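# A look at the structure
These are the residues of each chain, in order.
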Amino acid sequence: MNSSSSKKLARFGTTLGAAALLTVAAAATSTAAQAASGSDSYPANTNGCSGYLVIQHNYNGTGHDYAAGVAFVDDTLDVSPGWTCRFVLQRSTDGGHSWYDISGYHSGLPGDNGTGYYYDGPNTSGGPNYMARVKIGATNQLGNWTNLAFTAAV
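This section reports on the structure supplied with the text. (Residues numbered from 1 in each chain as written. Predicted model: local features only at pLDDT ≥ 70, side-chain atom pairs only at ≥ 80, totals over all residues. Heavy atoms only, no water.)

Time to look at the overall build of the chain. In terms of helices and strands, the chain carries 1 helix and 8 strands. The order of α-helices and β-strands along the chain, N terminus first, is α-β-β-β-β-β-β-β-β. Here the chain holds 154 residues, and 31% of them are scored as buried. Contacts in the chain between residues far apart in sequence, at least 24 positions, make up 50% of those at least 6 positions apart. Accessible surface for the chain amounts to roughly 8900 Å². Of this, 55% is attributable to carbon and sulfur atoms. (Helix = DSSP H or I, 4+ residues; strand = E, 2+ residues; numbered from the N terminus. Buried < 20%, exposed > 50% of the residue type's maximum accessible area, 1.4 Å probe, protein only. Contact = heavy atoms within 4.5 Å. Areas by Shrake-Rupley, 256 points an atom, 1.4 Å probe, with all protein chains shown as cover.)

The side chains of a regular strand alternate between the sheet's two faces. The buried fraction of strand β2 (residues 49-57) amounts to 7 of the 9 residues, a majority that puts the element mostly inside the structure. Sheet analysis places strand β1 (residues 38-46) next to β2, joined by 9 bridges and oriented antiparallel. Across the sheet, the residue bridging to Pro43 is Tyr52, located in β2. Between the antiparallel neighbours β1 and β2 lie 2 residues, among them Asn47 with a positive phi of about 50 degrees. Examined bridge by bridge, β2 and strand β3 (residues 66-73) share 8 bridges and lie antiparallel to one another. Each bridged residue has a counterpart across the sheet, and for Leu53 the counterpart in β3 is Gly69. (Pairing = 2+ DSSP bridges.)

Below, the discussion takes up the environment of Thr139. One can find Thr139 in strand β7 (residues 131-139). Sequence separation between Thr139 and Arg86 is 53 residues; the distance between their C-alpha atoms is 6.4 Å. For Thr139, the residues in contact, after removing those within four places along its chain, are Gly82, Trp83, Thr84, Arg86, Asn144 and Trp145. Only 3.4 Å separates the side chain of Thr139 from the side chain of Arg86, close enough to count as a polar contact. (Polar contact = N/O pair within 3.5 Å; in protein donor to acceptor, adjacent residues only side chain to side chain.)

With that settled, the discussion passes to the sheet that holds strand β5 (residues 100-101). Reading across from one edge, β5-β4-β7-β8 is the order of the 4 strands in this open sheet, with antiparallel pairing throughout. Every interior strand has two partners, whereas the edge strands, β5 and β8 (145-150), have only one. As paired strands, strand β4 (residues 84-92) and β7 are joined by 9 bridges and run antiparallel to one another. Considered in β7, the bridge of Arg86 is made with Gly137.

With that settled, consider the state of the cysteines. All chains considered together, the criterion is met by 1 disulfide. The residue that forms a disulfide with Cys49 is Cys85, at a sulfur-sulfur distance of 1.6 Å. Sign of the S-S torsion, about -85 degrees for the bond between Cys49 and Cys85, identifies this disulfide as left-handed. Placement of the pair is Cys49 in strand β2 and Cys85 in strand β4, with a sequence separation of 36 residues. (Disulfide = S-S within 2.5 Å.)

Any link to function would need more than the numbers given here.
Right, here's the structure in full:
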C-alpha cells in the first residue's frame, strides 16, 4: 500500500468514526428529549369538587411545558344547593405575586371538565418563567366564590 492510499484510508476511518459519534450523540439527545417529556399533576379539592393542574412536558415536541386544568365533581351532595363547582386555570408572570385567569370557567361535569393546554414555559417578555395553578371552588348564580382551593403553583 502506498502513502497516498494509507492517508485516504486514515481519512475514511476518521470519517466513519465521526459519523458513529454523531449517531451516538443524536441517539443520546433523542433519549434525553424523550425523558423530558411526560406530565406531572398537582391536586386540590374542596366541597365535593376535585381539580388538578397538569403540566405536560415537551408538549407536542415543542420543548416547552404547557399547563392545563382538569376537574370533576366528586359528590354533588357535598355541593350546597344553589352552588356549582367551578374551576379555572390561572397564570402568573411575576413569580406568583399576582394571578390572572387564562382559561374559561368550567364546571367539572362531563363535557366541561378540561381547559385545554396553555403555554407554560419561559416568559416571552423576559420576566420570570410563567407559573400556573388551578383555582377551584363553588360559585353561585351571582358569580360569588366560596370554599376556594388552589393547586400547587408550578
